[in-house]
Amino acid sequence: MKHVLILAAVFCLSACAWGPGMHMDEDGFRERYAGKADAGVDGAYEIVNIDASLLRNQQEARRQARPEPRVDPLARVAMDYDYRVAAHDVLSVIVWDHPELTIPAGEFRPAEATGHPVAADGTMFYPHVGIIPVAGKTLREVRELLTQRLASVIEKPQLDVRVAGFRGQKVQVTGEVMAPGTLPITDVPMRVQDAIAQAKGFSVEADLRTVTLSRGGNTFTLDLQALYEQGDVSQNWLLQDGDIVNVMDRSRNKVFVLGEVRRPSSRVMVKGRMTLAEAIGDTEGFDPLTSNPGRVYVIRGSFERPSIFKLDASSPDALLLATQFQLQPRDVVFVSAHDLTSWNRIIQQIQPTVQLLWQAVDIGDRTIIINNP
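Residues numbered from 1 in each chain as written. Predicted model: local features only at pLDDT ≥ 70, side-chain atom pairs only at ≥ 80, totals over all residues. Heavy atoms only, no water.

Our working definition: UniProt positions are given in the numbering used here, feature names are shortened, and annotations may be inferred rather than shown by experiment.
In the annotation of an unreviewed UniProt entry, the chain is listed under the name Sugar ABC transporter substrate-binding protein and assigned to Corallococcus interemptor. The UniProt entry for the chain carries the following text under Sequence similarities (unreviewed entry): "Belongs to the BexD/CtrA/VexA family." Comment text from UniProt for the chain, heading Subcellular location (unreviewed entry), reads "Cell outer membrane".

The structure is reproduced here in structure tokens:
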């Protein structure tokens, strides 16, 4: 009976896949996705070794896949930008040599309080002129209109028109900025970066690569990190009334480091960048007692179309490859356990059962001896 139990225990120990914890079954992976229509495309359904050739190919692919500069639909407007009056704006009209028309409510009141508000229908009232349409007109056009109307009352009128209060056109800045809120569009062109600066800049959780601009039912994604680091001004769009600028958070830019490392955890990528070596280093490296550095995997994509990359880091110089391998958001880095680790864990699992059975057999043998002196 003892021999049977020992043989059963050895048989169990010979199957490391029966041990507790996760195991990377490469043959099972290949069988699961064998025969897929797009197998082998972009590394899908394959386990690709991380070597110098792979790094060169990926670097070339990133260079070729660099997106073309975006075209700002308001680029031409920005070249000849001229503010147009909107409903609810407040205009200030200065008529030279006629203070009764310029400051009829007193010279010590703010211009916005003594100005002429534009009604919701886009019209404005002015003495000796009456109600005139001003919405949609530039300040020069409003000045010319007032000059023409006042000519019948004042000889050769000279006047100037300014906006005392910008209230009609607004944009909203939301998300990961220090001071989200609503900003007025003024006579100075406002671009995306200008709006973020007026919102006191990005917060620590901001994802500079994912800034969305909502306009007219459409949403556009802008990469302001490319603007700051590469000078890509095509990402800095001119804003118009009703735009919503939203700065996304970086919580989606995570990689997950699991398996036999000292501190398995998820790590947030810094500015959307992280190498395999950085991910392992941030988790305090391989566990020296349980890990198998020769089997480090990077699992990417979805369950329906995964890609797996394998690094043999059993030699320290192979970590130079890890410093060049760029991870992507939602990648899973998995460090396999050593075969001896699996063996020891199986022993720990079955040891109580074996001891129990051994004691039972020992008690049975003693009973036989007592009954058969």
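Here the narrative resumes.
**Comments concerning the overall build of the chain**
We apply this condition: In DSSP terms, a helix is any run of H or I states spanning at least four residues, a strand is any run of E spanning at least two, and both are numbered starting from the N terminus. Using a 1.4 Å probe on the protein chains alone, a residue whose accessible area is under 20% of its type maximum counts as buried, one over 50% counts as exposed, and one in between counts as partly exposed. Residue contacts follow a heavy-atom distance rule, with two residues in contact if any of their heavy atoms lie within 4.5 Å. Only the protein chains shown count as covering a residue, and every accessible area follows the Shrake-Rupley method with a 1.4 Å probe.
Across its full length, the chain holds 12 helices and 16 strands. Across the 373 residues in the chain, those meeting the buried criterion constitute 37%. Partitioning the contacts of the chain with sequence separation of at least 6, the portion at a separation of at least 24 is 64%. For the chain, the exposed surface amounts to about 22100 Å²; the carbon and sulfur share of it is 54%.

**So, the nonpolar core**
A general feature of soluble globular proteins is that nonpolar side chains tend to end up buried together. To be explicit about the condition: Definition of nonpolar core: a set of buried residues of the types Ala, Val, Leu, Ile, Met, Phe, Trp, Tyr and Cys, connected through side-chain atoms within 4.5 Å. Where a domain begins and ends is set by an automatic assignment or by a domain database.
Judged by nonpolar contacts, the single largest core of 42 residues is most densely connected at Leu-91, Val-95, Tyr-126, Leu-146, Val-161, Val-192 and Leu-239. The residues that make up this core include at least three from each of domain 2 (74-78 + 169-249) and domain 3 (87-165). If we ignore the near neighbours within four places in the chain, the residues touching Val-161 are Leu-91, Ser-92, Val-93, Leu-139, Val-142, Arg-143 and Leu-146.

**Things to note about the packing of aromatic side chains**
The criterion, for reference: Pairing of aromatic rings covers Phe, Tyr and Trp, the last counted by its six-membered ring, and requires centre-to-centre distances within 6.5 Å; plane angles under 30 degrees mean stacked, over 60 mean edge-to-face, and any other angle means tilted.
In this structure the tally under the stated criterion is 4 aromatic pairs. When the centroid spacing of 5.1 Å and the interplanar angle of 50° are considered together, the rings of Phe-220 and Trp-237 count as tilted. Highlighted residues: Phe-220 in strand S10 (residues 218-222) and Trp-237 in the loop between helix H9 (224-230) and strand S11 (244-249), separated in sequence by 17 residues.

**Topic: the sheet that holds strand S3 (residues 116-117)**
Let me state the cut-off plainly: Strand pairing is defined by DSSP finding a minimum of two bridges between the two strands.
Ordered by their spatial adjacency, 3 strands build an open sheet running S3-S2-S6, and the pairing between neighbours is antiparallel. What marks the edges here is a single partner per strand, and that holds for S3 and strand S6 (159-165). Pairing between strand S2 (residues 90-95) and S3: 2 bridges, direction antiparallel. Paired with Val-90 across the two strands is Pro-117, which belongs to S3.

**Thoughts on the environment of Leu-327**
In this structure, Leu-327 sits in the loop between helix H11 (319-322) and strand S16 (332-337). By relative accessible area, which is 5% here, Leu-327 ends up buried. Spatially, the C-alpha atoms of Leu-327 and Met-269 are 8.9 Å apart, while their sequence positions differ by 58 residues. Those residues in contact with Leu-327 that sit more than four places away from it in its chain are Val-255, Met-269, Met-274, Thr-275, Leu-276, Ala-279, Val-298, Arg-300 and Val-333.

**Some details on helix H3 (residues 52-64)**
Note the cut-off: Expected span of a helix: the number of residues minus one, times 1.5 Å. This arc corresponds to the set of directions leading from the helix axis out to the C-beta atoms.
With 13 residues, H3 extends 19 Å from end C-alpha to end C-alpha; this agrees with the ideal 18 Å at 1.5 Å per step. If you check which residues of H3 are buried, you get Leu-54, Leu-55 and Gln-58. In a view along the axis of H3, the buried residues occupy a sector of 100°, so they form one face of it. Facing away from the buried side of H3, by more than 90 degrees, are the exposed residues Arg-56, Asn-57, Gln-59, Arg-63 and Gln-64. Those residues of H3 that are buried lie in contact with strand S1 (47-49), strand S14 (291-301), strand S15 (306-311) and H11.

**Points about the pattern of salt bridges**
Counted only if it meets this: Whenever a carboxyl oxygen of Asp or Glu lies within 4 Å of a side-chain nitrogen of Lys or Arg, that contact is scored as a salt bridge.
Scanning all chains against the criterion turns up 8 salt bridges. The salt bridge partner of Glu-205 is Arg-250, with a shortest N-O separation of 3.4 Å. One end of the pair, Glu-205, is in the loop between helix H8 (192-198) and strand S9 (206-215); the other, Arg-250, is in the loop between S11 and strand S12 (254-259), with 45 residues separating them in the sequence. Glu-205 sits in the partly exposed class, given a relative accessible area of 35%. As a salt-bridge pair, Lys-271 and Glu-229 come within 4.0 Å of each other at their nearest N and O atoms. In this pair, Lys-271 is assigned in the loop between strand S13 (265-268) and helix H10 (276-282) and Glu-229 in helix H9, connecting sequence segments 42 residues apart. For Lys-271, a relative accessible area of 47% translates into the label partly exposed. According to the relative accessible area criterion, Glu-229 is partly exposed, its value standing at 41%. When salt bridges with common partners are traced through the structure, they connect Glu-229, Lys-271 and Arg-273 into a single cluster.

**Considering the pairing of S12**
Sheet topology note: the S12/S13 ladder contains 4 bridges and is antiparallel. Bridge assignment links Phe-256 to a residue of S13, and that residue is Ser-266. Hairpin geometry of S12 and S13 is characterised by an intervening segment of 5 residues between the two adjacent antiparallel strands. For S12 and S16, the ladder comprises 4 bridges, and the chain directions are parallel. Pairing of Gly-259 across the sheet is with Val-335, part of S16.

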